[in-house]
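What follows is the residue order along each chain.
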Amino acid sequence: MTKRFYQYFSLFLLVLSIGLGLGLIITQFDNKSTVANTTTRTAVLRDHNNDHYIIRGSINGIPVQFLVDTGATLVTLPSQFFQYVDSSKTSSQYAYTANGRVKLKTATVKSLTLGRIELRNIRVAINPLAHTDMAILGMSALKKLNFCQHGNALTLEKRRHI
């Protein structure tokens, strides 16, 4: 199989997880973060609702709430965040979803924070069809963390050499 197939397939999975994740559960969340403890290296999140975890953070200094989604390839931002990324360095990619073909913008953000943890140079997708305040915290950021679920707590820990 070709590299292009894998790119399209990855984007398909990303958009599908966005649609399912946001479309089915976003209405269950209020605007409260469920971080029990945070330092510059770790954050402990409490189960918000039905084994979903939310953490407050920021993209390039702009506040946002993230829904943790290990099935998402990229951090995915709602459409209003396009203005906060360097548009001269974006690229467009198409993804196929149950709702049809979607054109996503991809970019690298300089700073993504989760509580007090800061990650640098994170690849993101901007979904023009997502009109919500919640972003998806996908593997493009999570791969820079160690994470472990125990009971109703999810611990995120920044890796030392990333």
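That block above? That's the structure.
Draft legend 1. The arrangement of the overall build of the chain in detail. Helix and strand counts for the chain come out as two helices and eleven strands. Listed by position from the N terminus, the elements making up the chain come as α-β-β-β-β-β-β-β-β-β-α-β-β. Every one of the 162 residues in the chain was classed for burial, and the buried ones make up 41%. Counting only contacts in the chain whose residues sit at least 6 apart along the sequence, the fraction spanning at least 24 positions is 59%. Total accessible area on the chain stands at roughly 8,800 Å², and carbon and sulfur atoms take up 51% of it.

Draft legend 2. Spatial organisation of the pattern of salt bridges. In total, this model carries two salt bridges according to the counting rule given. Between Arg120 and Glu118 there is a salt bridge; the shortest N-O distance is 3.0 Å. For Glu118, a relative accessible area of 32% gives the class partly exposed.

What counts and what doesn't
Residues numbered from 1 in each chain as written. Predicted model: local features only at pLDDT ≥ 70, side-chain atom pairs only at ≥ 80, totals over all residues. Heavy atoms only, no water. Helix = DSSP H or I, 4+ residues; strand = E, 2+ residues; numbered from the N terminus. Buried < 20%, exposed > 50% of the residue type's maximum accessible area, 1.4 Å probe, protein only. Contact = heavy atoms within 4.5 Å. Areas by Shrake-Rupley, 256 points an atom, 1.4 Å probe, with all protein chains shown as cover. Salt bridge = Lys/Arg side-chain N within 4 Å of Asp/Glu carboxyl O.

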